[in-house]
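# Structural features, examined
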Amino acid sequence: MELLQFLVFLTITSTCQGRLSLVATPSTLKSPPDDPPRLNMTCSLTPDTADIGMVMAIQLEKVKGTERFPLASVLTGKRARLNTDFPRRVATVQGLVSTDAPAKSFLQLTIPKPVGTDTGTYICVMSYLERTTFLLNRDEATANVTEGVNPNTQLLEELQSLKDQVAQLSHLLQSVHTTAAQPSSTAGAPADVHLHTLSGGPGPQVAFRAVPVSQEEFQNSTSLAYQHVQLNEGQAYNGTTGVFSAPVNGTYVFTSALSVDHGKAIVELKVNGVTKGQLAASGDDQTSQSLVLELQAEDRVWLQGIFASQNSTHIFADGDTVFSGFLLHGY
């Protein structure tokens, strides 16, 4: 009987939509993960089950190229089982085909510690008898599991990159010894202007980090003002205009990262209107750049949108898009 049901399940040709749902949790696999991950693929029926007389079978499949491979299934009156060719033997499956209450039917596949090969498109297929006609029919639902980069890892890598640059530049500047003017000799200078910088030389403490408040539409030929200012030591960054104004002569390090939802976008880093660097992002990919610049006091630095390949291209927030910088050595 089980073999007959399975053959019938495979020979269904008619497909209806809307009576089945497939949910992947999580839908994006972070690499590396924050915690030991677990991928759950859950097939269940939607509330629209009035015309379903009896569910015959539910099967979960994985799309590979142009083919579909069964991973797990549950049949009427049988326990849910993994496909014998399923490569992840540590996976578990549970499910139920209810003849009395079709809405309670479900199939769930759990993959502990998923890897990159577990990303892709999954399809859930249900075969059932219609309530009034007793015709054999089927429904399908699809879910996609994508691979993403852990934003915490991106931040740590960015900080490590900055630390490496500081170490290299500090080594090159060890022989530079500049005597700072006394506070009384600089008209209007703030009282704390002679604190030491990260490299140990004289100069003010200057550092900033700003991100968009929320996802916002990309604007061509417009300075990008990131108004969520997470750090602004020295108050040199203006979150309203998006412009950083150098308080003193010195060596500065700037880092910018860009991520957009679709299309392609290009951003340039400007110093007094002159292009010093460029970022190009497309789709969901993030791109970043770090620059070391020699600036004079009152030099102005900002990011400017240059090009968007599609209308309504939006800049991602949540740490994917960043503008930051600090004074490495003042003189």
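My aim in this report is to walk through the structure given alongside it, one point at a time.

Calculation criteria
Residues numbered from 1 in each chain as written. Predicted model: local features only at pLDDT ≥ 70, side-chain atom pairs only at ≥ 80, totals over all residues. Heavy atoms only, no water. Helix = DSSP H or I, 4+ residues; strand = E, 2+ residues; numbered from the N terminus. Buried < 20%, exposed > 50% of the residue type's maximum accessible area, 1.4 Å probe, protein only. Contact = heavy atoms within 4.5 Å. Areas by Shrake-Rupley, 256 points an atom, 1.4 Å probe, with all protein chains shown as cover. Pairing = 2+ DSSP bridges. Phe/Tyr/Trp six-rings, centres within 6.5 Å; stacked < 30°, edge-to-face > 60°. Lys NZ or Arg CZ within 6 Å of the ring centre and 35° of its normal. Axes fitted to C-alpha atoms, helices over the stretch in contact; angles between N-to-C directions. Salt bridge = Lys/Arg side-chain N within 4 Å of Asp/Glu carboxyl O.

On to the overall build of the chain. On a plain count of helices and strands, the chain comes out with two helices and 23 strands. Within the chain, the proportion of its 331 residues that are buried is 43%. Residue pairs at least 24 apart in sequence account for 67% of intrachain contacts in the chain once pairs closer than 6 positions are excluded. Approximately 17300 Å² of the chain is accessible, and the part contributed by carbon and sulfur atoms is 52%.

Bridge analysis of strand β4 (residues 52-64) against strand β5 (residues 67-75) gives eight bridges, and the strand direction is antiparallel. Considered in β5, the bridge of V63 is made with R68. Remark: two residues form the turn of the hairpin made by β4 and β5, two consecutive strands paired antiparallel; G65 in that turn has positive phi of roughly 65°. Bridging between β5 and strand β6 (residues 81-82) involves two bridges; their strand directions are antiparallel. When the bridges of β6 are listed, A72 appears paired with L82. The antiparallel pairing of β5 with β6 creates a hairpin that spans five residues between the two strands, and G77 there sits at a positive phi of about 75°.

Let us now look at the packing of aromatic side chains. Counted according to the given criterion, the structure contains nine aromatic pairs. Their ring planes at 25° and their centres at 6.3 Å tell us that F254 and F323 sit as a pair that is stacked. Of the two residues, F254 sits in strand β17 (residues 250-259) while F323 sits in strand β23 (residues 322-330), which places them 69 residues apart along the sequence. With respect to burial, F254 and F323 carry one shared label: buried. The ring of F69 has K64 sitting right over it, with the charged end atom 5.2 Å from the ring centre.

Looking now at the sheet that holds strand β3 (residues 38-45). Taken in spatial order, the four strands line up as β1-β3-β8-β7 in an open sheet, and their pairing is antiparallel. Only two strands of the sheet have a single partner each, and these edge strands are β1 (20-25) and β7 (92-96). Here the strands of the sheet are splayed against their neighbours by 10° on average, with no regard to which way each runs. As paired elements, β7 and strand β8 (residues 106-112) share five bridges and run antiparallel to each other. Bridge pairing in β8 places V93 opposite L109.

Moving on, we get to the environment of L295. Along the chain, L295 turns up in strand β20 (residues 286-295). Residue classification places L295 among the buried positions, given a relative accessible area of 1%. Between the C-alpha atom of L295 and that of Y252, which follows or precedes it by 43 residues, the distance is 7.1 Å. In contact with L295, not counting residues within four places along its chain, are F244, A246, V248, N249, G250, Y252, F254, V271 and V301.

Turning our attention to the pattern of salt bridges. According to the stated counting rule, one finds four salt bridges in the structure shown. For R138, the salt bridge goes to E140, with nearest N and O atoms at 2.5 Å. Per residue, the accessibility class of R138 equals that of E140, and both read buried. One connected set of salt bridges, linked through shared partners, spans E61, R68, R138 and E140.

Taking strand neighbours across the sheet as the criterion, the five strands line up as β14-β11-β23-β17-β20 in an open arrangement whose pairing is antiparallel. The outermost strands of the open sheet, each flanked by one partner alone, are β14 (228-233) and β20. Neighbour-to-neighbour, the strand axes of this sheet turn through a mean angle of 10°, independent of strand direction. With eight bridges connecting them, β17 and β23 associate as antiparallel partners. When the sheet's bridge partners are listed, T255 is paired in β23 with S324.

Okay, unusual backbone geometry next. In most cases, non-glycine residues show a negative phi, while peptide bonds are predominantly trans. In the Ramachandran plot, N272 falls in the positive-phi region, its phi being about 55° despite a non-glycine side chain. Among the structural elements, N272 can be located in the loop between β18 (264-271) and β19 (274-282). At E298, a position not held by glycine, the phi torsion is positive, near 80°. Within the element layout of this structure, E298 appears in the loop between β20 and β21 (300-308). By relative accessible area, E298 is classed as exposed at 68%.

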